[in-house]
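Structural features, examined
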Amino acid sequence: RIQRGALPDSFPAFPGRQEFDLYASMEPAKEIGGDFYDFFLIDDDHLFLVIADVSGKGVPAALFMMSSKIILSDNAMMGKSPSEILHDSNNAICANNKLEMFVTVWAGILEISTGKLSAANAGHEYPALKKGDGGFELFKDRHSFVLGGQEGMKYKEYEIQLSPGDKLFVYTDGVPEAHDPDGNMFKVERMIDALNEDPGASPEQILEAVRGEISKFVREAEQFDDLTMLCLEYKGAK
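In this report, the structure presented in the accompanying data block is examined. The model shown is predicted, which means the values in this text are computed figures rather than measured ones.

Quick word on the overall build of the protein chain
The number of helices and strands found in the protein chain is five helices and eleven strands. Relative to its length of 238 residues, the protein chain is compact, with a C-alpha radius of gyration of 17 Å against a globular reference of 18 Å. Overall size of the protein chain, expressed as C-alpha extent along the three principal axes, is 50 × 45 × 30 Å. Burial status across the protein chain gives 52% buried among its 238 residues. Partitioning the intrachain contacts of the protein chain with sequence separation of at least 6 by distance along the chain shows that 72% fall at a separation of at least 24. For the protein chain, the exposed surface amounts to about 10900 Å²; the carbon and sulfur share of it is 50%. Between the centroid of the 23 positive side chains of the protein chain and the centroid of its 40 negative side chains there is a distance of 1 Å.

Listed below in C-alpha cells is the structure:
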C-alpha cells in the first residue's frame, strides 16, 4: 500500500488539459516488487513520463524503487533531456549501490504544443506505438544500459513525432511474462493483440482490455510479477 500510494493514481490526471490523455496502473504481485511509473508537468509545455522495473524482490527492491523514483523525478524537474536524466540518475544510483541492484527505465518528455516526444531507454521493454488510423505495433527503440550497472554510461536519445490520435503504451516485463498454470507466458504478441482489440479506445479502456486478456490467459495461476502499464494519447495542441 505504501508503494502504491507513492504513485500518481488520481484520474483524470490533468483535468484542465485537453491536449493529451493518459492512464496508468500498477498491480503488485503478492511479494513486494520494484515496479513504478510516474508522470508530471515539468512546465506548462512539457510532460514527463517514466516507467521502470527494479531488479529483485522484497523490501530491498521496494526501497531501491523509492529512491530511484525520487532521483529520476528530481533530475527531470531540472529541465534536462531524457538522456541527461538517465545519465545523471545512473551516476547518482551507482554512487551508493552496495547491493549492486539495477533498474530498467523508459523515460520520455512530451512537448505538448508540437507533439514531439523525446525518449531514452535504459534496458527496458520496447514501447508499443499507435500511429494514425493503424493499430499498435512494437516500437524497437534504441536500448542503452540499465541504471545502477556502471557509472559514467551514456544514454541514447530518440524522437517520435506524435499527431492527434496517436498513442504510446509502455509496460514492465510482468505483462508479457505473465504465465498460465502450465507455465506458458502471455508474451508480447498477445499483448499487441489485446491492444488492437480497440486501438481507438481511451487509455483507461486500453489498459483494462490488456488486463482482461491477461486474466483470461493466466486463469488461476498465481501472479508472479508486478503488472505495470501506462498509456498516453496525444490529442493535439488546443
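Moving on from the model shown.
Structural notes on the packing of helix α2 (residues 58–77) against helix α3 (residues 82–94)
Each pair of packed helices can be described by the angle between their axes along with the distance between the axes. Interhelical geometry of α2 versus α3 gives an angle of 140° and a closest axis separation of 9 Å. Here α2 is positioned oblique relative to α3, judged by the angle of their axes. Pair α2 / α3 crosses with right-handed handedness. Seen from α2, the contacting residues are Phe-64, Ser-68, Ile-71, Leu-72, Asn-75 and Ala-76; seen from α3, they are Ile-85, Leu-86, Asp-88, Ser-89, Ala-92 and Ile-93.

Comments concerning the sheet that holds strand β11 (residues 227–234)
Backbone-to-backbone hydrogen bonds pair the strands of a sheet. The strands run either parallel or antiparallel. Read across the open sheet, the five strands follow the order β1-β11-β10-β6-β7; overall the sheet is antiparallel. Either end of the sheet is taken by a strand with one partner, and the two such strands are β1 (20–27) and β7 (136–138). Averaged over all neighbouring strand pairs, the angle between strand axes comes to 15°, with direction disregarded. As paired strands, strand β6 (residues 128–130) and β7 are joined by three bridges and run antiparallel to one another. Paired with Lys-130 across the strands is Phe-136, a residue of β7. Across the face of the sheet, helix α4 (residues 187–195) comes into contact with β6, β7 and β10 (167–171) while running at roughly 160° to β7.

Section: the pattern of salt bridges
Overall, the coordinates contain eight salt bridges when judged by the stated rule. With its nearest N and O atoms 3.6 Å apart, the salt bridge here joins Asp-38 to Lys-69. Of the two residues, Asp-38 sits in strand β2 (residues 35–43) while Lys-69 sits in helix α2, which places them 31 residues apart along the sequence. Lys-131 is paired through a salt bridge with Asp-166; the nearest N and O atoms lie 3.1 Å apart. One end of the pair, Lys-131, is in the loop between β6 and β7; the other, Asp-166, is in the loop between β9 (157–161) and β10, with 35 residues separating them in the sequence. The exposure class of Lys-131 is partly exposed, given its relative accessible area of 38%.

What about a negative patch on the surface?
Judged by side-chain charge, Glu-189, Asp-193, Glu-197 and Asp-198 come together as a negatively charged surface patch. With respect to the helices and strands, Glu-197 occurs in the loop between α4 and α5 (203–218).

Here's the deal with a nonpolar patch on the surface
Taken together, the side chains of Ile-32, Val-59 and Leu-63 present a nonpolar region at the surface, about 270 Å² in accessible area. By the secondary structure assignment, Leu-63 is in helix α2.

A word on the packing of aromatic side chains
One pass over the full model with this rule turns up nine aromatic pairs. Both rings, one in Phe-14 and one in Phe-39, keep their centres 6.0 Å apart while their planes meet at 65°; by these two values the pair is edge-to-face. A residue pair is termed long-range when its members are at least 10 positions apart, and Phe-14 in the loop between α1 (2–5) and β1 and Phe-39 in strand β2 qualify at 25 residues. Phe-39 sits in the buried class, given a relative accessible area of 6%. Arranged with centres 6.2 Å apart and planes meeting at 10°, the rings of Tyr-37 and Phe-39 form a pair that is stacked.

Remarks on unusual backbone geometry
That bond from Phe-11 to Pro-12 is cis: its omega, 0°, falls within 30 degrees of zero. Within the fold, Pro-12 resides in the loop between α1 and β1. The phi dihedral of Glu-100 is positive, around 55°, even though this residue is not glycine. As for its placement among the helices and strands, Glu-100 is situated in the loop between α3 and β4 (103–111).

Observations concerning α3
Structurally, the α-helix is built with 3.6 residues per turn, so residues lying three or four positions apart point the same way. Across its 13 residues, α3 extends 18 Å between first and last C-alpha, which sits within 8% of the 18 Å expected from 1.5 Å per residue. For α3, a buried count of ten out of 13 residues is recorded, marking the element as mostly surrounded by other parts of the structure. Inspection of α3 places Pro-82, Ser-83, Ile-85, Leu-86, His-87, Ser-89, Asn-90, Asn-91, Ile-93 and Cys-94 among the buried residues, and these make up the whole buried set.

Reading the values: the criteria
Residues numbered from 1 in each chain as written. Predicted model: local features only at pLDDT ≥ 70, side-chain atom pairs only at ≥ 80, totals over all residues. Heavy atoms only, no water. Helix = DSSP H or I, 4+ residues; strand = E, 2+ residues; numbered from the N terminus. Rg over C-alpha atoms; globule rule 2.2 N^0.38 Å. Buried < 20%, exposed > 50% of the residue type's maximum accessible area, 1.4 Å probe, protein only. Contact = heavy atoms within 4.5 Å. Areas by Shrake-Rupley, 256 points an atom, 1.4 Å probe, with all protein chains shown as cover. Lys, Arg positive; Asp, Glu negative; His and termini not counted. Charge placed at Lys NZ, Arg CZ, Asp CG, Glu CD. Axes fitted to C-alpha atoms, helices over the stretch in contact; angles between N-to-C directions. Parallel < 35°, antiparallel > 145°, perpendicular 65-115°, else oblique. Left-handed = near helix turned anticlockwise from the far one by under 90°. Pairing = 2+ DSSP bridges. Salt bridge = Lys/Arg side-chain N within 4 Å of Asp/Glu carboxyl O. Patch = residues over 30% accessible without salt bridge, like charges linked within 9 Å, V, L, I, M, F, W, Y side chains within 5 Å. Phe/Tyr/Trp six-rings, centres within 6.5 Å; stacked < 30°, edge-to-face > 60°. Expected span 1.5 Å × (residues − 1).

By themselves, these observations are geometric and do not establish any function.
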